[in-house]
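This is what each chain is made of:
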Amino acid sequence: MAATGTPAPAPAPSVGTAPVPSCRYTLTGPDNRPYSSTTPGTLGGHRRGRRYGRLDCPSALRAIAAGGYVRHRVFFADEATAIAAAYRPCSVCLPGKYRQWKSRQKDRTP
């Protein structure tokens, strides 16, 4: 069959991973106070457990699925901010950093 001469529709523009400029994210700062940011956090944390980890942490995702974690969830821009806010690394998704933290805690014990 011959082509009709009608051009094919242009593909829909793909949506990138860049945040939408009007989006606002609530992150936790080094002083443990929330602040608004146009950039999403790179780490998630649990306020009551004072721990931080990757956003795809299997342990956190299980807790979120069970419904008991979301109320105390916080987000950090980076690891330095989480540490400054006195959070510790997650033993599940950051085992190396957790071992280092644990070792430093033993060194501090009198």
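What you are looking at is a predicted structure, and each value in this text was computed from that prediction instead of being measured.

Participant: I keep staring at the confidence of the model for the protein and nothing clicks. Help me out?
Facilitator: Reading fine detail from the predicted coordinates is not recommended where pLDDT is low. Averaged over all residues, the pLDDT of the protein is 84; the fraction at 70 or higher stands at 79%. Here residues 6–13 scores under 50 on pLDDT; set against residues more than four positions off or in separate chains, the count is zero contacts.

Participant: How should a nonpolar patch on the surface be read in this particular structure?
Facilitator: The grouping of Leu-61, Ile-64 and Val-70 at the surface amounts to a nonpolar patch, some 240 Å² of accessible area in total. You can see Ile-64 is positioned in helix α1 (residues 58–66).

Participant: Would you mind showing me how to read unusual backbone geometry here?
Facilitator: Peptide bonds are, in most cases, trans, and in most cases residues other than glycine have a negative phi. Even without being glycine, Arg-50 reaches a positive phi, approximately 55°. Residue position: Arg-50 is located in the loop between β3 (43–46) and β4 (51–54). On the basis of relative accessibility, which here comes to 29%, the residue Arg-50 falls in the partly exposed class. A positive phi angle, near 70°, is found at Ala-86, a position not held by glycine.

Participant: Is there a simple way to think about the pairing of β4 in this case?
Facilitator: The side chains of a regular strand alternate between both faces of the sheet. Where β3 and β4 come together, four bridges link them in antiparallel fashion. Within β4, the position partnered with Leu-43 by the bridge is Arg-54. If you look at the hairpin formed by β3 and β4, you'll find four residues sitting between the two strands, and Arg-50 has a positive phi there, around 55°. For β4 and strand β6 (residues 88–89), the ladder comprises two bridges, and the chain directions are parallel. Bridging from a neighbouring strand, Tyr-52 pairs with Pro-89 of β6.

Participant: Just checking my understanding: could you explain the pattern of salt bridges for this structure?
Facilitator: Side-chain pairs of opposite charge can arise where the charged atoms are in close proximity. Applying the stated criterion across every chain, the model contains two salt bridges. Among the ionic pairs, Arg-54 bridges to Asp-56, the shortest N-O distance being 2.7 Å. Judged by relative accessible area, which is 34%, Arg-54 ranks as partly exposed. Across the pair Lys-97 and Glu-79 runs a salt bridge, and its minimum N-O distance is 3.3 Å.

Here is what the cut-offs are and how they apply
Residues numbered from 1 in each chain as written. Predicted model: local features only at pLDDT ≥ 70, side-chain atom pairs only at ≥ 80, totals over all residues. Heavy atoms only, no water. pLDDT = per-residue confidence, 0-100. Contact = heavy atoms within 4.5 Å. Patch = residues over 30% accessible without salt bridge, like charges linked within 9 Å, V, L, I, M, F, W, Y side chains within 5 Å. Areas by Shrake-Rupley, 256 points an atom, 1.4 Å probe, with all protein chains shown as cover. Salt bridge = Lys/Arg side-chain N within 4 Å of Asp/Glu carboxyl O. Helix = DSSP H or I, 4+ residues; strand = E, 2+ residues; numbered from the N terminus. Buried < 20%, exposed > 50% of the residue type's maximum accessible area, 1.4 Å probe, protein only. Pairing = 2+ DSSP bridges.

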